[in-house]
Amino acid sequence: MSPYVPVLTFHKIDENPSVISFPPGLFASFMEKLYRNGYRTVGLTDAVDNLYRGGSPPEKTFVLTFDDGYRSVFSQAFPVMKRYGMSATVFLTVGEPSEPRSGGRIPRLNGSEMLSWAEVTEMRDAGFRFGAHTLTHPDLTRLGTEKIEYEIVKSKEIIEGVLGEPVRSFAYPCGRYDERSMGIASRFFDCACSDELGLLTSESKRYALGRVDAFYLKNERLAGLMLSDLFPYYVRLRNVPRSIRRRLGGR
Ligand SMILES: [Zn+2]
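From a predicted model like this one, the values you see are computed outputs, not experimental measurements.

Draft legend 1. Inspection of the overall build of the protein at higher detail. Helices and strands together make up the secondary structure of the protein, namely eight helices and ten strands. For a compact globule of 251 residues, the expected C-alpha radius of gyration is about 18 Å, and the protein comes in at 17 Å, within 12% of that figure. Seen through its C-alpha atoms, the protein measures out along the principal axes to roughly 50 × 40 × 40 Å. For the protein, with 251 residues in total, the buried portion stands at 50%. Nonlocal contacts in the protein, meaning residues at least 24 apart in sequence, comprise 64% of its contacts between residues at least 6 apart. Surface accessibility of the protein: about 11,400 Å² in total, with carbon and sulfur atoms responsible for 50%. For the protein, the centre of its 34 positive side-chain charges and the centre of its 30 negative side-chain charges are spaced 4 Å apart.

So this is what it looks like as structure tokens:
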């Protein structure tokens, strides 16, 4: 198998039974287990650059990503990750440009409390990177091209305005993209993540990178699979029903 790096996707770290929630206790024990077994995080764009240059990533490296920018990334995940010297890329849905910023909280998404810009800055200072995830989290495949570009580019500009550094990565809301949004992402970013289930390799599509949603690792036994040689096979296996569903017209 060619060299690969797993890119894990989390959303919220809380006890809610929702598909986008991951329990805090399991998150802490999962990260501890990875750390104790020699696993270390690498930045998303670093991993992509390295693989595309034909490099072989050091063994036991993985990428952590969080989508949307919920407050629990700071309150639950960040303290654990700091303990193990880990970092992540957080894809932020930032709200309309008219919303107040400078230290304030990012407007709620679907009723959920989001990170504050002060928390974003604190995590950046600790080595986290921030990617764009649009202004309002729309299904980009349903928008006109101009609106797609506005949602993508404005969100990038807002984050850059606060952090004073380039935003290099993007994630499509709910992973949904088409040729138009991919074209726009390729003009403004170094890479973009979809919701396709897969490991990062030199063959990955740079503007539709696959990841492994933490939903597939949501108990001790499944999380433990990441430490095993069987992990790539597990990812491939979980992908089969998805590709069948997709072929039948659903997602
Ligand atoms: Zn999202």
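Draft legend 2. Spotlight on the coordination of the zinc ion. Of the protein atoms, only Asp68 (OD), His133 (NE2) and His137 (NE2) coordinate the zinc ion, at distances of 2.0 to 2.1 Å. Coordination of the zinc ion draws on donor residues from a single chain, spaced D-x64-H-x3-H in sequence. The exposure classification of histidine 133 matches that of histidine 137, with both residues buried.

Draft legend 3. Main features of the pairing of strand 10 (residues 209-213). For strand 10, the tally of buried residues reaches four of five residues, placing the bulk of the element in the interior. The sheet contact formed by strand 9 (residues 191-197) and strand 10 spans two bridges and is parallel. Looking at the pairing, cysteine 193 lines up with leucine 209 of strand 10.

Calculation rules
Residues numbered from 1 in each chain as written. Predicted model: local features only at pLDDT ≥ 70, side-chain atom pairs only at ≥ 80, totals over all residues. Heavy atoms only, no water. Helix = DSSP H or I, 4+ residues; strand = E, 2+ residues; numbered from the N terminus. Rg over C-alpha atoms; globule rule 2.2 N^0.38 Å. Buried < 20%, exposed > 50% of the residue type's maximum accessible area, 1.4 Å probe, protein only. Contact = heavy atoms within 4.5 Å. Areas by Shrake-Rupley, 256 points an atom, 1.4 Å probe, with all protein chains shown as cover. Lys, Arg positive; Asp, Glu negative; His and termini not counted. Charge placed at Lys NZ, Arg CZ, Asp CG, Glu CD. Donors = N, O, S within 2.8 Å, 3.2 Å for Na, K, Ca; no water. Pairing = 2+ DSSP bridges.

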